[in-house]
Each structure stands twice: as C-alpha cells, then as structure tokens.
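# A look at the structure
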Amino acid sequence: MTISEIDTVKSSALGEIAAAATPDAVEALRVKYSGRNGLLPAMMKGLRDVPPAEKPAFGQALNALRAEVAAALDARKAAVAGAGEKREDFDFSLPGNWRGTGSIHPISEVIEETTRIFAQLGFTVADGPDVETEFNNFDALNTAKHHPSRDERDTFWLGPELLLRTQTSPVQIRAMLAKKPPVRIINPGRCYRRDTTDATHAANFHQIEGLYVDVNPVSLADLKSTLSHFAREMMGPSVKVRFRPHFFPFTEPSVEVDLSCHVCKGRGCPVCKQSGWIEILGAGIVDTRVFRRVGYDEDCYGYAFGMGVERIAMIKHGVTDLRMLYANDLRYLRAFL
Ligand code: PHE
C-alpha cells in the first residue's frame, strides 16, 4: 500500500458518490467502500503490513479517507432522498383545489361595456389625471369665475389653481390641446365633489366623457343617433331615449338625456319617481368659446357628452343605494356573477 494508492481510492470513491442519482445507488457505494467487507476496512487491515515507522502516517491518511467518504455518503444520501421512487399511490385524476375566479365589479363592467360600444364607432380611449388644474377643469370649459361649482363647498381644492377634478370634461381639453381635429375620444375616470354621501351621491364617483370634433359638420342629430345607439346597446333594443334642453357652460345647445325606466317600462314607479324616465347623461354641441380656449379654429364642429357610471350600474342591476357599490361586501358583489 502506498500513499498515492490511498489518493486514487479517494478520488474514485468521491467521484462515484457524486454521480450516484438514487438512494439505492448511494447505499450500494456505502457497501462497496464502508461496508464490513468493503474496500476501506480491507485497507485498514493492510495497515498490519506497513513498516512500523510509516504506520502513523498511513493510519492518519486512512482515517481521513474514511471520514471523508462517510461524510460524502451522508450528504449524497440526503440530496437524492426520494429520487427515483415510484409514486404509484398518487391519483393524478383527482380534482385540484378550486380557488374561485371572482367577477367583474359592476362599475368596471359599465366602463368596459361603454368603451367597447364607443370603440366600435371609432372612439379611442383617452385618460387624464385626477388632480387637475383650474384651467382644465373650469376656465377652458367656459365656466364663469363666479360659478357655484367652483366654490370650496363643492370642489376639493388642493392649492390656488389645483383641484381634484369634479368631472371628466378636463380630458376633453387635454385631448384638444394635444391634437388637431378630428378628435374622437371616450374617457372614463374618477371624479370628486364635496357631496354628502347618501343613496344617490358620493364624494368620489365615476364619469365617462365622450368628445367628437371635426372640421366637417357634426350636428345635434349625430349626437342623438350616437347616444340612442349606445342606449340600445347598453340597455336593450326596447329602451326609449328622451332629450331635454339644459345648460352646460361648455356646450351650446345643451341637453340632458333620459332613458325610459327599465323597471316600469315608462309607466311610472318609485325607481323613476313616477316619471317613467331616468336621467343618465348630459351632452351638447361644443361651445365655440371652448374651441377658442384650446387654440382650435372657430369653424370646428363637435359634440360632447358625459355620463355617471354609478347611475348606469344602478339602473342595470336594480341597485337602489349607491353605497352598496362601494361596501366591499362579497355577498352583494356575488349577486352580479
Ligand atoms: N361634465 C358634465 C357634468 O358633470 C356632463 C357633460 C359632459 C355635459 C359633456 C355636456 C358635455 O355634469
């Protein structure tokens, strides 16, 4: 026996152990090297024939080898535990754990459905920030300096000329400042007003605004047909649409649009306060003053409309208290699955 022989045994043993891929293979190597009739005990016996002067050195080398091989076997055994086992006891046809898929919130649903309907008519989705300038939210929209909606009791002011937008109409302004006509956008978003929360009001609500501006004539008839198409797509073909004269600072003429009540079909009931109609949006022909403020040619034509998302969700689902839409009550939201 020589020291180099010991080194050779060491490198082949460690190499074989590292290559063992299953617990059975590791066990076979344990028998081969460390087992009672294994190679290492045989080498220990060979120590007898070593000259006395060299015995300590050989003894030390052999002990080190034994310890190293034992440690390598243990480590490998842990590493390959479970490998190569047959898993016949596992039934792959068992059903998995069902985690539930959830459903779309009625507010998101109205936004998605509305943008889908208008996208089919060539409108693209536009976006704007919740924090707006006084210019975009009021001045450019031709809202008089003394208009009550500017009051701090109605609007959340963040600074002298900064506020939480009270409507999605400032996105009209942003769109027109960014691009020359034609502009055809639909923009959903959050709005904020200092309203006391009750069954039909919230300080934080959603609107969807639409704007179409062109250098070719765009008329009230176009607005009427577009909104009637939208109402039928949203509420079903039998819905009736009514246009009433109204006032908005940024449109002239302006209209409010009512839909025939979905509950009583126009006969009169508590939901429509016996009128047979439910108001859902404001609209009109864009005022020339607005075109002037955004640097557009005064000969442009356009219409704009804005609707309350919560209002439409309530009508669609027969919800009588707007607060339920925000209550985070799963039992309630599951009703819309
Ligand atoms: N922004 C208006 C509102 O909040 C609605 C509207 C939009 C009216 C566009 C006309 C044109 O009441």
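Residues numbered from 1 in each chain as written. Predicted model: local features only at pLDDT ≥ 70, side-chain atom pairs only at ≥ 80, totals over all residues. Heavy atoms only, no water.

## Quick word on the overall build of the chain
Rule in force here: Secondary structure elements are taken from DSSP: a helix is a run of H or I of four residues or more, a strand is a run of E of two residues or more, and numbering for both begins at the N terminus. For the radius of gyration, the atoms used are the C-alpha atoms, and the globule rule reads 2.2 Å times the number of residues raised to 0.38. Partly exposed describes any residue whose relative accessible area lies between the buried limit of under 20% and the exposed limit of over 50%, with all areas from a 1.4 Å probe on protein chains only and scaled to the type maximum. Whether two residues are in contact is decided by their heavy atoms: any pair within 4.5 Å suffices. Accessibility throughout is a Shrake-Rupley quantity obtained with a 1.4 Å probe, and a residue counts as covered only by protein chains that appear here. A positive count includes Lys and Arg, and a negative count includes Asp and Glu. His and the chain ends are not counted in either. Lys charges are placed at NZ, Arg charges at CZ, Asp charges at CG and Glu charges at CD.
The helix and strand inventory of the chain stands at 11 helices and 10 strands. Over its C-alpha atoms the chain spans a radius of gyration of 39 Å, topping by over 25% the 20 Å that the globule rule assigns to 337 residues. Projecting the C-alpha coordinates of the chain onto the three principal axes gives extents of approximately 120 × 45 × 40 Å. Evaluated residue by residue, the chain yields a buried proportion of 39% over its 337 residues. Taking as baseline every contact in the chain between residues at least 6 positions apart, the subset at least 24 positions apart corresponds to 66%. On the chain, roughly 18,900 Å² of surface is accessible, and the fraction owed to carbon and sulfur atoms is 54%. When the 41 basic and 42 acidic side-chain charges of the chain are each reduced to a single mean position, those positions are 4 Å apart.

## So, the side chain of Ser260
Rule in force here: Whenever two N or O atoms come within 3.5 Å, that pair is a polar contact, provided that in protein one can donate a hydrogen and the other can accept it, and provided that, for residues adjacent in sequence, both atoms are side-chain atoms.
Structurally, Ser260 is set in strand S8 (residues 251-260). Within the local environment of Ser260, its side chain forms a polar contact with the backbone nitrogen of Lys240, the two atoms lying 2.8 Å apart. In this structure, Ser260 is in contact with Val239, Lys240, Gly276 and Trp277, ignoring residues within four places of it in sequence.

## Things to note about the domain arrangement of the chain
The condition that has to hold: Those domain boundaries reflect an automatic or database domain assignment.
Under the domain assignment, the chain is made up of domain 1 (3-79) and domain 2 (106-336). Domain 1 and domain 2 are separated by 83 Å when their C-alpha centres are compared.

## Section: the environment of Arg99
Considering the arrangement of structural elements, one finds Arg99 in the loop between helix H4 (55-79) and helix H5 (106-120). For Arg99, a relative accessible area of 76% gives the class exposed.

## Brief notes about the packing of helix H1 (residues 3-19) against helix H2 (residues 23-33)
Quick reminder of the rule: Helix axes are fitted to C-alpha atoms over the stretch in contact, other axes to C-alpha atoms as well, and angles between N-to-C directions run from 0 to 180 degrees. For classification purposes, an angle smaller than 35 degrees is called roughly parallel, one larger than 145 roughly antiparallel, one from 65 to 115 roughly perpendicular, and anything else oblique. The handedness criterion is simple: a crossing whose near helix is rotated anticlockwise from the far helix by less than a right angle is left-handed, and one whose near helix is rotated clockwise is right-handed.
Viewed as axis vectors pointing N to C, H1 and H2 meet at an angle of 160 degrees, and their least axial separation amounts to 10 Å. With respect to H2, the axis of H1 lies roughly antiparallel. For H1 against H2, the interelement crossing comes out left-handed. Judged by residue contacts, Val9, Ser12, Ala13, Glu16 and Ile17 of H1 engage Leu29, Lys32 and Tyr33 from H2.

## A look at the pairing of strand S5 (residues 183-192)
Stated formally: A pair of strands counts as paired when DSSP detects no fewer than two bridges linking them.
Here S5 lies mainly inside the structure; eight of its 10 residues are buried. Summarising the sheet, strand S1 (residues 124-125) and S5 pair through two bridges and their orientation is parallel. Directly across from Thr124, in S5, lies its bridge partner Ile185. Sheet topology places S5 next to strand S6 (residues 204-214); 10 bridges connect them, and they run antiparallel. Bridge pairing in S6 links Gly189 to Gln207.

## Concerning the sheet that holds strand S3 (residues 157-159)
Strands sit in the order S2-S4-S3 across an open sheet of three strands; the sheet is antiparallel. Where the open sheet ends on each side, the last strands, each with one partner, are strand S2 (131-133) and S3. Recorded for the sheet is a direction-independent mean angle of 35 degrees between the axes of neighbouring strands. Two elements, S2 and strand S4 (residues 162-164), share three bridges in a ladder whose sense is antiparallel. Bridge pairing links Thr133 to Leu162 in S4.

## Considerations on unusual backbone geometry
In this structure, the amide linkage connecting Pro181 to the following residue, Pro182, adopts the cis form with an omega of 0 degrees. Along the polypeptide, Pro182 turns up in the loop between helix H7 (170-178) and S5. The residue after Glu252, namely Pro253, is reached through a cis peptide bond having omega 0 degrees. For Pro253, the location among the structural elements is in strand S8. Although it is not a glycine, Asn142 adopts a positive phi angle of roughly 65 degrees. When you line up the elements, Asn142 lands in the loop between helix H6 (134-139) and S3.

## What about the site of the ligand?
This is how it is decided: Note on terminology: near, applied to a residue and a molecule or strand, indicates that one of the residue's heavy atoms is within 4 Å of it.
The environment of the ligand is made up of 14 residues, and the closest members are Gln167, Ser169, Arg193, Gln207 and Glu209. Separating a nitrogen atom of the ligand from a side-chain N or O atom of Gln167 is a distance of 2.9 Å. Between the ligand and the protein, one listed contact pairs an oxygen atom with a side-chain N or O atom of Arg193 at 3.0 Å. Here the ligand loses 89% of its free accessible area of 330 Å² to cover by the protein chains. At the level of elements, S6, strand S9 (277-286) and strand S10 (301-308) are the ones that each hand at least two residues to the shell around the ligand.

## Considerations on H2
To keep it simple, the criterion reads: By arc we mean the arc of the directions from the helix axis to the C-beta atoms, nothing more.
Listed in full, the buried residues belonging to H2 are Val26, Leu29 and Tyr33. With its buried residues spanning 60 degrees around the axis, H2 presents them on a single face. Residues of H2 that are buried in the fold lie against H1, helix H3 (39-46) and H4.

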